Amino acid sequence: MTAVENRPAAEIGQSRLRKEDAHLLIGRTTWTDNITLPGMLHLAILRSPMAHATITSIDVSAAKQRPGVVAVFTGQDFAETQGSIPCAWPVTPEMVNPGHPSLAVTQVNHVGEAVAVVVARDKYLAQDALEAIDIDYAPLPVVLDMEAALVADTTLVHGHTSSNRSFTWTFESGAAGTGAPIEDTLRDAEVTVRRRFIQQRLIPSFMEPRSTVVSPNGEGVTMWSATQVPHILRTMLALTLNIPEHKVRVIAPDVGGGFGGKLQVTPEEVICTLVARKLGKPVKYTESRSESLMSAHHGRDQIQDITITAKRDGTVTGLDVHLFADMGAYLRLVSPGIPVLGAFMYNSIYKFAGYRFVCEGVFTNKTPTDAYRGAGRPEATFAIERIMDALAGELDMDPMELRRKNWIKHEEFPFTTVCGLTYDSGNYEAATAKALELIGWDELRREQAERRARRDPVQLGLGISTFTEMCGLAPSRVLGSLDYGAGGWENASIRVLATGKVEVVTGASAHGQGHETAWSQIVADQLGVPFDDIEVIHGDTQSSPKGLDTYGSRSLVVGGIAVVKAADKVVEKARAIAAHMLEANPDDLEFAGGSFSVKGSPGSGKTIQEIAFAAFAAHDLPDGMEPSLDSDATFDPENFSFPHGTHLCAIDVDTETGRATIRKYACVDDIGEVINPLIADGQIHGGLAQGIAQALYEEAVYDADGNLTTGTFVDYLLPSASDLPSFLTGRTVSPSTTNPLGVKGVGEAGTIASTPAVVNAVVDALKPWGVQDVQMPCTPERIWRAVAEGVGGAATADRSAEGTVAYGGASTASSDGSGEGEQL
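We now turn to the structure provided with this report. All values reported here derive from a predicted model rather than from experimental measurement. (Residues numbered from 1 in each chain as written. Predicted model: local features only at pLDDT ≥ 70, side-chain atom pairs only at ≥ 80, totals over all residues. Heavy atoms only, no water.)

What follows is about the nonpolar core. Burial of nonpolar side chains together is a common tendency in soluble globular proteins. Residues Trp-169, Tyr-346, Tyr-355, Phe-357, Ile-651, Tyr-665 and Leu-696 are the most contacted members of the largest nonpolar core, which totals 150 residues. Here Trp-169 is in contact with Val-91, Thr-92, Val-340, Ala-343, Phe-344, Phe-357, Val-358, Cys-359 and Leu-482, once residues within four sequence places are set aside. Trp-519, Val-523, Ile-561 and Ala-562 belong to the second largest nonpolar core, which has 47 residues in total. (Core = buried A, V, L, I, M, F, W, Y, C linked by side-chain atoms within 4.5 Å. Buried < 20%, exposed > 50% of the residue type's maximum accessible area, 1.4 Å probe, protein only. Contact = heavy atoms within 4.5 Å.)

This is how it looks when you write it as structure tokens:
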């Protein structure tokens, strides 16, 4: 019998205040930029002002004479040693990876690419010396439009390649037993709806800019970095620079957010390592906010061509997805895999008979893209939830009723989807019913009808998003089948000290998620020790040598379960010692509340603390027993976890000014069993803010020369708390059947679900004007233009002989998603 079966559940489910917060609140943090080492030098990086150009000459002689400057390096200085920034996800055997130098050698391919580095005695002297570097560029034509980039004889981003296409990844499937190819499903459809959606480019905008400190030591290095992935960074740094892995130590100290933006091996980390080893001195680099927005990887940036087919009664039959995914100028750590992850989520919670997915990865002269909160799954959820609303409009059917007709019923779980994934549990009906009640849906619909009847200039829109997601990036075999370069397992170790205190070592690396609190709650229940007697150790490859880090909502469902498995081993070791101490058979012992007792004799027993000291003393242990309770475990899930939920948005849209104001937002999420409701709510709230931001506020815009015109927070619009409503949140619980805690992921749910709910609400408000789409972000100008075009009939649907819905007006957009000419 395991600790899981007997835990008293005293901690799990409590809204514990976070252990992590105290030192943050009183300024006792250790950000990477706070670290100072003896003799440390400072780096400043000169970045290309050109999006596409050949470097014809670089003269650094004047910069070397500047006060305080120790050295200046260019790409030529490291041409033979810098290697290439790694890409760990070659999604097809034919994928083109042009290579990615940390410092450009002969050519620059996006604005902000690093071309030279100044090393000085302080960061200000280093920054000042950059202006003394003289570089001549020979401009090349700039490639920004993804579709134009694939036209024959177009300019190549990388001259040594034959095309701007990096890869084409395809997937096709028919539902079990149908045997119908997708072409038959599409051809025989009674109703067909086609749409093009633009996923604009976003910037992760984490609170703490990226920072790196590197100290050389003999053959190896110690690196402190504001990273989400210290273990992956260690391995990749060793491979890239040919350093023995056991000589590389990576420490992620306090990290101020990431959202996928610090899931990376960055050029700056490689540059710092090269310079530190070259000079034999510790070095530090911390980016400015404008450098971060320009050079740290971006997210999203896709063109989505979606076709959905259905019967006239509303039963969906087929889904055809074609993506253009902008990789930017280079492939970063998991760039190609981001849209591939989404491939398995376009069908979402609906029962399709046929499905096809094609993704073309395209090089352009923009900053590279990679993971951003949700990573492929928000894009998929947006497309399916928008096209479901479009289908409902074509069928003149209530959007919620269309969803109810097609979603997987709770009694059908476990359910194998058209993509081949097996959803283990869920109850979409319960989550939806609770969300409708929470927001007061029927009353809002009545108000909407009244406003429409009187042609109120401020219209009420109601938006729906019923979603699921695959998270807990694992299992390893599945990732291997998708050509991912690593596994999906996670490791944990538990050390029980002589005094009964407990140290938990986890391979998951926290940067705001609350691991220290949640892991302490889990272990407190597993072992029956006080919450405050547990310390969680993470983020250092020396003290936590095994791990695959934090991303993809994997911490709890993979890393947390590794903690459970390690605790089970502690209990079984303790059981043997307790049986010896109590002169009983181990099978006759019960473990509850941190104590072992003989069945039927609850008065006699031994606590886990007593057993820990007995193991430490080792005076009287069973023969062959090691004098330790310490245990470790590695957990590799058998399946993803599949949280789900229903998100509803009520939005007021002023049709005369275009202003959209969220009036009510309600969401009911099913994330399985909840370890800490306070932390879970915080994750949902943060995710909602980022998803709503994509719908209404954020967009990275480039001009015709490839310059980022939204390179500061003056131009790149982030919502503040005053721009967002008070969220109405609720939960239903369908425990996962694939892990012993019954938990599912939560970190990305709010972001994945909220964007389509908001945009559906905006479009619903404009329905009387014939508007069928507003390109994100739904700015006042874009909404105003959609209304103006709708009044003139430009946005009214045209139905072809095949029943296809074509659209115009606000739906027509620049193919690269820049919205150039529309930005106020």
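Moving on to helix H17 (residues 555-582). Under the 1.5 Å per step criterion, the end-to-end length of H17 is 38 Å for 28 residues, consistent within 8% with the ideal 40 Å. With respect to burial, H17 is a largely interior element, 20 of its 28 residues being buried. Two residues or fewer past H17, Glu-583 is found with a positive phi of approximately 55 degrees. (Helix = DSSP H or I, 4+ residues; strand = E, 2+ residues; numbered from the N terminus. Expected span 1.5 Å × (residues − 1).)

Let's shift gears to the pairing of strand S21 (residues 534-537). As paired strands, strand S20 (residues 502-506) and S21 are joined by 4 bridges and run parallel to one another. The partner of Val-502 across the bridge, within S21, is Ile-534. In this fold, S20 hands off to helix H16 (residues 515-527), which returns the chain to S21; that crossover is right-handed. (Pairing = 2+ DSSP bridges. Right-handed = clockwise from strand over helix to strand, strands pointing away.)

Per the stated rule, a full pass over the model turns up 43 salt bridges. In this structure, the salt-bridge partner of Asp-301 is Arg-201, at a minimum N-O distance of 2.7 Å. Highlighted residues: Asp-301 in strand S13 (residues 299-310) and Arg-201 in strand S8 (residues 191-202), separated in sequence by 100 residues. Side by side, Asp-301 and Arg-201 carry an identical accessibility label, which is buried. Here Glu-268 makes a salt bridge to Arg-210, at a shortest N to O gap of 3.2 Å. Of this pair, Glu-268 sits in helix H8 (residues 267-279) while Arg-210 sits in the loop between S8 and strand S9 (211-217), placing them 58 residues apart in sequence. As far as the burial class goes, Glu-268 and Arg-210 line up, both buried. Put simply, Arg-47, Arg-210, Glu-268, Glu-287 and Glu-291 are held in one network by salt bridges that share partners. (Salt bridge = Lys/Arg side-chain N within 4 Å of Asp/Glu carboxyl O.)

Tracing the backbone through its elements, the reader meets Glu-412 in the loop between helix H12 (399-406) and strand S16 (415-416). Taking the C-alpha atoms as reference points, Glu-412 and Ile-85, separated by 327 residues in sequence, lie 45 Å from one another. Once you skip the residues sitting within four places of it in the chain, Glu-412 turns out to touch Lys-351 and Trp-407. A polar contact of 3.1 Å, which involves the side chain of Glu-412, links it to the side chain of Lys-351. (Polar contact = N/O pair within 3.5 Å; in protein donor to acceptor, adjacent residues only side chain to side chain.)

Strand order across the open sheet formed by 7 strands is S3-S5-S1-S12-S9-S10-S11, with mixed pairing between neighbours. Each end of this open sheet is capped by a strand with a single partner; those strands are strand S3 (69-74) and strand S11 (248-251). Neighbour-to-neighbour, the strand axes of this sheet turn through a mean angle of 20 degrees, independent of strand direction. Across 6 bridges, S9 lies against strand S10 (residues 220-225) in antiparallel orientation. (Axes fitted to C-alpha atoms, helices over the stretch in contact; angles between N-to-C directions.)

Moving on, we get to the state of the cysteines. As enumerated under the stated definition, the model contains 0 disulfides in all. The thiol of Cys-87 is unpaired, and the distance to the nearest cysteine sulfur, on Cys-359, comes to 13 Å. On the basis of relative accessible area, Cys-87 is assigned to the buried category, the value being 18%. (Disulfide = S-S within 2.5 Å.)

To continue, consider the sheet that holds strand S28 (residues 728-731). Spatially, 4 strands are ordered S18-S26-S27-S28 in an open sheet, and the strand pairing comes out mixed. Strand pairing shows two members of the sheet lacking a second neighbour, strand S18 (458-468) and S28, which therefore form its edges. Across this sheet, the average inter-strand angle for adjacent strands is 10 degrees, counted without regard to direction. Helix-sheet contacts for helix H19 (residues 677-696) involve strand S26 (644-654), strand S27 (660-670) and S28, and the interaxial angle to S27 is about 140 degrees.

Further remarks concern the packing of helix H11 (residues 377-395) against helix H20 (residues 749-765). Geometry of a packed helix pair, given as the angle between the helix axes and the separation of the axes. Where H11 meets H20, the axes come as close as 8 Å, and the angle between the chain directions of the two elements is 30 degrees. Taken together, the axis directions place H11 and H20 in an arrangement best described as roughly parallel. Remark: the crossing between H11 and H20 carries right-handed chirality. Contacts from Arg-377, Pro-378, Thr-381, Phe-382, Glu-385, Arg-386 and Asp-389 of H11 reach H20 at Thr-751, Ile-752, Thr-755, Pro-756, Val-759, Asn-760 and Val-763. Partitioning the contact of H11 with H20 into residue classes produces 6 nonpolar, 4 polar and 4 charged. (Parallel < 35°, antiparallel > 145°, perpendicular 65-115°, else oblique. Left-handed = near helix turned anticlockwise from the far one by under 90°. Nonpolar A, V, L, I, M, F, W, Y, C, P; charged D, E, K, R; others polar.)

Moving on, we get to the side chain of Lys-744. On the secondary structure map, Lys-744 appears in the loop between S28 and H20. No salt bridge forms around the buried Lys-744; measuring N to O, its nearest opposite-charge neighbour Asp-670 is 4.1 Å away. A polar contact is formed between the side chain of Lys-744 and the backbone oxygen of Ser-734, at a distance of 3.0 Å. (Lys, Arg positive; Asp, Glu negative; His and termini not counted.)

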